[in-house]
Amino acid sequence: MTDPNVTLQTICAPSEDVVARVIEDELIIVPLASGIGDADDELYTLNPTGQAIWQKLNGARTLAQIADELAGEFDGTRADIERDMLGMVGELARRKMVVAQ
Amino acid sequence: MTQLEIQQFPLWDKLKAKRVPLSFDLEITARCNNDCRHCYINLPANDANARARELTRDEIFDIADQAAQLGALWCLVTGGEPLLRDDFTDIYLGLKRKGLFVSVFTNATTIRPEHVALFKKYPPRDIEVTIYGSTRETYERVTRKPGSFAAFTRGLDLLFDAGVNVRLKAMALRSNLADMEAIAAFGRARTKDFYRFDPQLHLRFDGDPVRNEEIRQERLTPTEIVALERADEKRFGALVAGEDKLINAEFNHVGCDHLFHCGAGNGSFNISYDGTFRLCSSLWAHGATVNLRATRLRDAWATLVPRVRDLRSRDPEFLATCRQCPIVNLCLHCPAHAHLETGALDGATPYFCAVAHARAAAIQND
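Criteria and thresholds
Residues numbered from 1 in each chain as written. Chains lettered and ligands numbered in written order. Predicted model: local features only at pLDDT ≥ 70, side-chain atom pairs only at ≥ 80, totals over all residues. Heavy atoms only, no water. Helix = DSSP H or I, 4+ residues; strand = E, 2+ residues; numbered from the N terminus. Rg over C-alpha atoms; globule rule 2.2 N^0.38 Å. Buried < 20%, exposed > 50% of the residue type's maximum accessible area, 1.4 Å probe, protein only. Contact = heavy atoms within 4.5 Å. Areas by Shrake-Rupley, 256 points an atom, 1.4 Å probe, with all protein chains shown as cover. Lys, Arg positive; Asp, Glu negative; His and termini not counted. Charge placed at Lys NZ, Arg CZ, Asp CG, Glu CD. 1 Å grid on protein atoms, 1.4 Å probe; cavity = no way out; pocket = protein on both sides within 12 Å on 5 of 7 lines; lining within 4 Å. Points joined across faces, edges and corners; volume = space filled by probe spheres on them. Nonpolar A, V, L, I, M, F, W, Y, C, P; charged D, E, K, R; others polar. Disulfide = S-S within 2.5 Å. Phe/Tyr/Trp six-rings, centres within 6.5 Å; stacked < 30°, edge-to-face > 60°. Lys NZ or Arg CZ within 6 Å of the ring centre and 35° of its normal.

### Here's the deal with the overall build of chain B
When you go through chain B residue by residue, the secondary structure sums to 16 helices and 12 strands. The C-alpha radius of gyration of chain B comes to 21 Å, within 12% of the 21 Å expected for a compact globule of 366 residues. Expressed along its principal axes, the backbone C-alpha trace of chain B runs to roughly 55 × 50 × 50 Å. Residues classed as buried in chain B amount to 55% of the 366 residues present. At a minimum sequence separation of 6, the contacts of chain B that also span at least 24 residues come to 73%. Carbon and sulfur atoms form 51% of the exposed surface of chain B, whose accessible area is close to 15900 Å². Of the side chains in chain B, 47 bear a positive and 47 a negative charge, and the two mean positions are spaced by 4 Å.

Structure, rendered in structure tokens:
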């Protein structure tokens, strides 16, 4: 289930209630505040595409602009990239790990 | 996105193979508002010298940054009583903001509503609280602090009423032995899946001879320790079930003169209130520590730890006894505790030996 309010015109940034860290080239997201995730000792990892999306969520660009950048970095049709990105960012938003600006 | 319980993190094996410091303990103060008879670290709450030597908040954050850069994920904030520090909230939140899973050891006597609010909004991985007694009489016999039992129960109630994740534990000693059954009931009534007790006391980090003698007086006899373990069905069952891992001739390390066969320094380290880095909390031997006010953590981890772990014994008595002992996993003996007891990393402690043999006999005779 994703957040229906996340569209290509949305501008998102990582929530202040999570901490993202890179360990051994793997990006992990550690919940800081309650209400993120289901338990107090859970963490989250992203695949390489997810990592690239996360690192572009800077609170300044729309998701459409981020999709433009991703299209130049990853194989796949523009429609596939947009669908995957909206799915992931929507999931992050539902979990309150990113916030719309 | 993959959601994982921290124990399932797929990088663990990779990180362990690279000897990454996954966890560390931070003793943010040695001061405590209690004066427990058995404590290995506590200094008076108003000890100005101890307070002056404590790492500052910024020094703690610098160390935590270094630890996180090396791959650390867990941090235990302990003391002394960590809540005595005026900047505890800043330290706790700052460590969380480094992306660390933070646990806290506290006696709960100074828990205030603002602490509860903090832990509710920014949950610790867990909070561990020690039960020194189930009654005021027993509790304060151990803590030597009038009013501490009421403060303890008040703090505990605040935490439990708010749903904070608290685990309860106990130390078994002479002063609370008669109360241990009630202490266990007190603990189990409040924590569904976790209550444990430790009947083995080690000596103080500062070597204070008067306090060390108090600790020796508080130690239970081997018979008493075995009786306590037998009375705890779950604990004793686990000991019996794990007999092959606890009593095994392959542990004897014949022909090896390395002192360290434990996990100290393999994936964790300790920092004292004044910045002293150790491989484990009890390892204070000369040459086995370094102060992080003068040395970077990366250097301590890369240089000191391997050097300490390569230390050897030249004591023929140790090599012929403890080094070859098949019940070492039932014993409190280790180089660190040996040093606290005898001043030598390979010194023998007859009390530890007697306890280990009594435990082994109980397990094997069950």
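### Some thoughts on the layout of surface pockets
Residue and element names in this part refer to chain B. Looking at the largest pocket, its volume works out to about 1600 Å³. What lines the largest pocket is a set of 49 residues, and nearest its centre among them are Tyr40, Phe105, Asp198, His202 and Ser281. Taken together, the elements giving at least two residues each to the lining of the largest pocket come down to strand S2 (23–27), strand S5 (74–78), strand S6 (101–106), strand S7 (126–130), strand S8 (166–171), strand S9 (195–198), strand S10 (268–271) and helix H15 (335–342). Partitioned by chemical class, the residues of the lining of the largest pocket number 23 nonpolar, 17 polar and nine charged.

### So, the state of the cysteines
Residues and elements named next belong to chain B. This structure, assessed with the given rule, holds zero disulfides over all chains. For Cys32, which is in no disulfide, the shortest distance to another cysteine sulfur is to Cys36 and amounts to 6.1 Å. On the accessibility criterion, Cys32 (13% relative accessible area) is buried.

### Brief notes about the environment of Ala151 of chain B
All names here are of chain B. Note that Ala151 resides in helix H7 (residues 148–161). Relative accessible area serves as the criterion here: at 11%, Ala151 is assigned to the buried category. A C-alpha to C-alpha distance of 8.4 Å links Ala151 and Ile111, two positions 40 residues apart in sequence.

### With respect to unusual backbone geometry
A negative phi holds for most residues other than glycine; trans holds for most peptide bonds. With omega at 15°, the peptide bond leading from Gly79 of chain B into Gly80 of chain B counts as cis. Here Gly80 of chain B lies in the loop between S5 and helix H4 (88–97). Unusually for a residue other than glycine, Lys96 of chain A sits at a positive phi of about 65°. Mapped onto the elements of the fold, Lys96 of chain A is located in the loop between helix H3 (78–94) and strand S5 (98–100). Take Lys96 of chain A: its relative accessible area is 52%, and that puts it in the exposed class. With phi around 75°, Ala108 of chain B is a residue other than glycine that occupies positive phi space.

### Some words on the packing of aromatic side chains
All names here are of chain B. Under the counting rule described, the total for this entry stands at 14 aromatic pairs over all chains. Centroid distance Phe88 to Tyr92: 5.9 Å. Interplanar angle 20°. Geometry classified as stacked. Of this pair, Phe88 and Tyr92 both sit in helix H4, four residues apart, which is roughly one turn of that helix. In this structure, Phe88 and Tyr92 share a single accessibility class: buried. An aromatic cluster is built from Tyr132, Tyr139, Phe149, Phe152 and Phe186, whose rings are joined through pairwise contacts. Just above the ring of Phe105 sits the side chain of Lys169; from NZ or CZ to the centre is 3.4 Å.

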